[in-house]
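# What the coordinates show
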Amino acid sequence: MDMTIGLQRFAEQPKYTEVNPGQDALLVCKVIDKRGVCSWQKDNKPVGIYPKKYEWASQYGIGQTAHVGGDCSLWVRAAQLEFDDGLWECQVTASDFTTQDALTSQPVRLVVRDAPTVRMLGAPQIDLEEGKDSLILRCVADANPPASIVWRRAGRSEIASLQESLQLRPVGRRDAGLYTCQAQNSVGTSDTMSVQLDVKYAPKILSAGPDRLTTAPLFSPAAFECVAEGNPTPTYKWVQRISTQGKPFLDRGRESRLVIDNVTYDYQGEYECRATNFINGQERTATSDPIALQVVGAPQVLRTTSGGVAGHSVSVKKGDSATLSLIVCADPRPRHVAWEWGSLRLEAGSGIGRYRVDDVTQDSREDCYLATLHIDDADLQDQRPYYLVVENERGTDRHAISLRVEGMFSVVEPLELSYLLGIAGGCLAAFLILICLCIYAVRARKCCFRNRNNYKTSEKDSISV
């Protein structure tokens, strides 16, 4: 009786399999009407049969090339991630060269499980500036099977991201905080990786005051307050706008609060608060709107000139014209301005002889005025202090400026009269002492001659006797 033998075909093909490291895994492969030879491939490379590592599952086929019942299943002993994880295929050669019934299974994965470990990439190495910089953080997991990633932010319950990458485009101050990433698969959970994000931002003035205009009585205290935000915390500087050429601002304080204990007209004007920080070595500064300080009170003659130099004296050569000027500040405006010296007094806008007083003129500073006295053909008798007297409805002030007239003996500075009198007195005293010494010497010599003559006369008398 003829028996028709069919073509060999798979009864059961290998399936996706997972195994823990060190455990055995069975890759099932069964063939109907198998007449060819079984073999296995991993990642497209042939796998040999090695005792205690790769062994046939059929007890009749261990170490044999023919398999009873067509069982081509393979044991993978003591599975290792390095050697055994990959795509496996079961293959059977053809029954004969004419049949062409060779078999190859679909590749299936043998997974040697591995608990995840994570690495974080992209942590910032420089300061992150709000609105300018972007950040991409990556949480790279090494795991088998592949792990899922979870990003979280400290202090918040919601998940920040479930992707490998966490993107902040661009970064803002609200993005600052502690971020953590963790990976998890069927084997286990990785340790947590974390990164602290600190987002820098330039200063911003929140308030400066208390008001845009502050009025303070003369010699009273005044204070300003400035509040700014920024990261890093900004430093503060208060400056006063001034009209001095070459220096438009005057530093007044280095704290958020500016306190003026004793207000004078020097403090009248506009002030600015400046908040400064540094981001990546670059200065960032915010400036407040101007704040005006208005000073009211009695007149005050400034002890310095408009250039900031003490104006206590003026020097001219004899015969030249002299100009004495002082700045006076007052609010309300002065109603009387006069110059006084000796018994004379000249009001603003008047003159007498060689002396003339200008009308007061507006100085570059608010509520400040220039008072000027002119002296023509200055002489030595004009060398004296001259007093500026100013009055308004709140009070008066008086301040002197000295005039020095250089005479013919003056090269660098005129010699003081007291100094000349001292020299003359010393010379006279020396002359009198010299005369006295000469008189004393003459008298002493005469006395000596008289005594000698007396001695000789007595001697002659004794010899003659």
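Up top is the structure.
No experiment lies behind these values; they were computed from the predicted model shown.

## Quick look at the overall build of the protein chain
- Regarding its fold elements, the protein chain presents two helices and 38 strands.
- Counting the 465 residues in the protein chain, one finds 37% classified as buried.
- For the protein chain, restricting intrachain contacts to residue pairs at least 6 apart in sequence, the fraction spanning at least 24 positions comes to 64%.

## Quick word on the state of the cysteines
- The tally for this structure, following the rule as stated, stands at five disulfides.
- Each sulfur in the disulfide pair Cys38 and Cys72 lies 1.5 Å from the other. Taken together, the positions of Cys38 in strand E5 (residues 38-42) and Cys72 in the loop between strand E7 (54-56) and strand E8 (74-76) put the pair 34 residues apart, joining distant regions of the chain. Of the two residues, Cys38 and Cys72, neither departs from the other in class, the shared state being buried.
- Covalently, Cys329 is tied to Cys368 through a disulfide, its sulfur atoms 1.9 Å apart. One disulfide, between Cys329 and Cys368, carries an S-S torsion of 100° and so falls in the right-handed class. Of the two residues, Cys329 sits in strand E30 (residues 322-331) while Cys368 sits in strand E36 (residues 368-375), which places them 39 residues apart along the sequence. The same class applies to Cys329 and to Cys368, which are both buried.

## Things to note about the pairing of E30
- Along E30, eight of the ten residues are buried, which leaves the element largely enclosed by surrounding structure.
- Summarising the sheet, strand E28 (residues 291-301) and E30 pair through three bridges and their orientation is antiparallel. In the sheet register, Gly297 faces E30, and the bridge partner there is Asp331.
- Alignment of E30 against E36, held across eight bridges, turns out to be antiparallel. Each bridged residue has a counterpart across the sheet, and for Ala322 the counterpart in E36 is Ile375.

Reading the values: rules and limits
Residues numbered from 1 in each chain as written. Predicted model: local features only at pLDDT ≥ 70, side-chain atom pairs only at ≥ 80, totals over all residues. Heavy atoms only, no water. Helix = DSSP H or I, 4+ residues; strand = E, 2+ residues; numbered from the N terminus. Buried < 20%, exposed > 50% of the residue type's maximum accessible area, 1.4 Å probe, protein only. Contact = heavy atoms within 4.5 Å. Disulfide = S-S within 2.5 Å. Pairing = 2+ DSSP bridges.

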